[in-house]
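# Structure at a glance
Residues per chain, in single letters:
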Amino acid sequence: MSELHELSLTEQLTGLAAGEFSATELTRHYLSRIERLDPALNSYITVCQDTALAAAAEQDALRAVGHAGPLAGIPIAHKDIFCTQGIRTSAGSRMLDNFIPPYSATVVEKLTAAGAVVLGKTNMDEFAMGSSNENSFYGAVKNPWSPDCVPGGSSGGSAATVAARLCTVATGTDTGGSIRQPAAFCGITGIKPTYGRVSRWGIIAYASSLDQAGAMGRSAEDAAHLLEAMAGFDERDSTSVMDAGPDFTSLLTADISGKKIGICRTYFNAGLNPAVEAAVMSAAKQLEALGATLVDVELTMADHAIPAYYIIAPAEASANLSRYDGVRFGHRCDNPADIDDLYKRSRAEGFGKEVKSRIMVGSFALSAGYYDAYYRKAQQIRRLIKEDFLQAFQQVDYILGPTTPGPAFAIGEMVDDQVAMYLQDIYTIAVNLAGLPAISIPAGFTGGLPIGMQLIGRHLDEAGLLNIAHRYQQVTDWHRQGPALEQEANHD
Ligand code: GLN
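Below is a summary of the structure that appears in this document. (Residues numbered from 1 in each chain as written. Predicted model: local features only at pLDDT ≥ 70, side-chain atom pairs only at ≥ 80, totals over all residues. Heavy atoms only, no water.)

## Thoughts on the site of the ligand
Around the ligand, the structure places 15 residues, and the nearest of them are Gly176, Ser178, Tyr206, Tyr309 and Asp425. Contacts to the ligand include Ser154, whose side-chain N or O atom sits 3.4 Å from a nitrogen atom. Backbone polar atom of Thr175 to an oxygen atom of the ligand: 2.8 Å apart, as the coordinates give it. Isolated, the ligand exposes 300 Å² of accessible area, and the fraction of that covered by the protein chains is 100%. In terms of residue class, the shell around the ligand is made up of five nonpolar, seven polar and three charged. (Near = heavy atom within 4 Å. Polar contact = N/O pair within 3.5 Å; in protein donor to acceptor, adjacent residues only side chain to side chain. Areas by Shrake-Rupley, 256 points an atom, 1.4 Å probe, with all protein chains shown as cover. Nonpolar A, V, L, I, M, F, W, Y, C, P; charged D, E, K, R; others polar.)

Right, here's the structure in full:
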């Protein structure tokens with residue numbers, strides 16, 4: 001039998017059900033890998049050794065009496081933006097370094113009820129603002145494929161930990177690309193569902209009209225199992241989609257003949273790395289060989305997505321982050337002279353540079369006199385972007401393209417160039433503005449680094465995206481490859 005961490009989620013479930021190993025053994029195995037390998041990666045902010053072992057023992061006991069949930073005993077990591085009762089939830093910020101939530105997010109509750117065992121909380125860009133994980137108060141995360149490179153962001157810790165096999169699957173959130181871009185950089189599969197598919201209750205808010213939680217795993221099949229347990233209507237989230245219990249796994253192997261896959265030529269412009277272009281084109285041919293039809297589509301508004309996003313997201317962030325005032329929870333400065341001093345110094349000390357810059361941009365865009373020029377205009381562009389996609393989806397069922405303009409970049413390479421960093425999300429951001437579902441899947445390598453491709457679908461068609469991704473993964477093995485961490489650790 002392969003090593004436990006090489007098994008897929010479904011193989012682990014089968015092994016657990018057959019009694020080949022217990023949830024406790026599986027959990028111990030991952031905890032010892034984390035102890036050995038994570039100091040070099042920094043993918044976890046908090047490791048929950050004791051509670052994980054207690055939860056695993058409980059799952060073993062439940063299984064023994066015939067009460068195994070759909071994810072019973074599966075080791076999972078949560079991005080440190082999901083509130084976890086009794087476990088520090090920092091959002092990668094000094095502001096929340098001391099925050100221990102009194103409740104858990106709906107997603108965490110649902111996954112725990114399904115039997116998943118929480119190994120820990122993963123590193124992330126502060127308040128999910130970033131594309132490299134370099135904005136974390138807890139330090140940068142290393143890409144498991146190359147320690148000099150970033151893992152992407154903001155769910156960089158979740159992507160790195162799945163790629164390094166330091167958990168089976170992980171949760172992430174995606175406001176403008178934060179599941180898909182790190183998934184592409186780390187060679188894993190990440191799905192950002194339709195806005196409203198997964199409850200946002202208990203997730204620390206960045207830009208509420210764009211934030212959406214999703215699943216990260218090594219394969220579409222693993223991600224489908226995770227997403228199925230996370231998704232569903234939640235009356236505590238006012239933007240939750242009212243839909244019957246979603247089924248993302250039963251269609252995985254369905255025939256994809258006749259599905260129309262759109263290729264948008266403007267995605268393949270001068271800014272795209274040629275190796276990424278070649279990988280996506282060759283994947284398109286493989287999907288054609290599986291029965292899909294390739295169709296050219298136009299997305300005329302694609303160029304306007306980044307400017308619109310960087311008005312809307314900071315505007316919402318400036319409102320959401322106003323609650324961190326040093327009074328009720330979070331960081332509080334020492335010896336404030338008066339209430340103004342308390343607010344100012346607590347926020348000045350608690351927030352990092354990128355977060356402060358976004359609060360300033362957002363407050364400016366919302367201020368009287370500028371609201372119409374910036375915020376309203378950005379919202380109008382947002383509507384046009386959505387219409388652009390809806391029009392394309394009258395001709396095709398899916399749109400295929402690159403997830404990112406290139407593979408993972410070097411740590412430090414873009415820290416002084418905010419615009420270059422923002423352009424990392426050029427292919428992902430429009431999807432959030434339109435509220436659509438999209439998945440990033442490994443599609444090749446260049447210079448030893450993974451390449452990801454993105455498939456965008458119609459609203460609520462996560463099952464279709466996962467189906468195409470799974471069929472592609474049945475005939476390719478990019479998603480099976482893993483980084484050579486063990487050798488590196490042994491050389492030390
Ligand atoms: N990189 C984008 C940003 O910094 C998207 C981040 C995200 O999806 N959370 O806002």
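## Structural notes on the pattern of salt bridges
One pass over the structure, following the stated rule, counts 18 salt bridges. Close ionic contact of Arg200 with Asp237 constitutes a salt bridge, the shortest N to O distance being 3.7 Å. With a gap of 37 residues between them, Arg200 in the loop between β5 (189–192) and β6 (212–217) and Asp237 in the loop between α7 (220–230) and β7 (260–264) connect regions that are remote in the sequence. Of the two residues, Arg200 and Asp237, both sit in the buried class. The salt bridge partner of Asp325 is Arg328, with a shortest N-O separation of 3.3 Å. Among the charged side chains, a network of salt bridges with common partners joins Glu109, Asp234 and Arg236. (Salt bridge = Lys/Arg side-chain N within 4 Å of Asp/Glu carboxyl O. Helix = DSSP H or I, 4+ residues; strand = E, 2+ residues; numbered from the N terminus. Buried < 20%, exposed > 50% of the residue type's maximum accessible area, 1.4 Å probe, protein only.)

## Overview of the sheet that holds strand β2 (residues 75–79)
One open sheet accounts for eleven strands, arranged β1-β3-β2-β4-β6-β5-β10-β11-β9-β7-β8; its pairing is mixed. The sheet is open, and its two borders are formed by β1 (44–47) and β8 (293–297), each paired with just one other strand. Pairwise comparison of adjacent strand axes, ignoring direction, gives a mean angle of 30° for this sheet. Pairing between β7 and strand β9 (residues 398–402): three bridges, direction parallel. Bridge assignment links Gly262 to a residue of β9, and that residue is Ile399. Packing of helix α15 (residues 462–475) onto the sheet brings it into contact with β5, β7, β9, β10 (438–446) and β11 (449–457), and relative to β10 it is tilted by some 20°. (Pairing = 2+ DSSP bridges. Axes fitted to C-alpha atoms, helices over the stretch in contact; angles between N-to-C directions. Contact = heavy atoms within 4.5 Å.)

## Side note on the nonpolar core
Formed by 149 residues in total, the largest nonpolar core has its most connected members in Phe127, Phe389 and Leu466. Residue contributions to this core peak at ten residues, all from helix α9 (residues 305–320). The residues contacting Leu466, other than those within four sequence positions of it, are Ile191, Ala220, Ala223, Ala224, Leu227, Phe248, Leu252 and Ile439. (Core = buried A, V, L, I, M, F, W, Y, C linked by side-chain atoms within 4.5 Å.)

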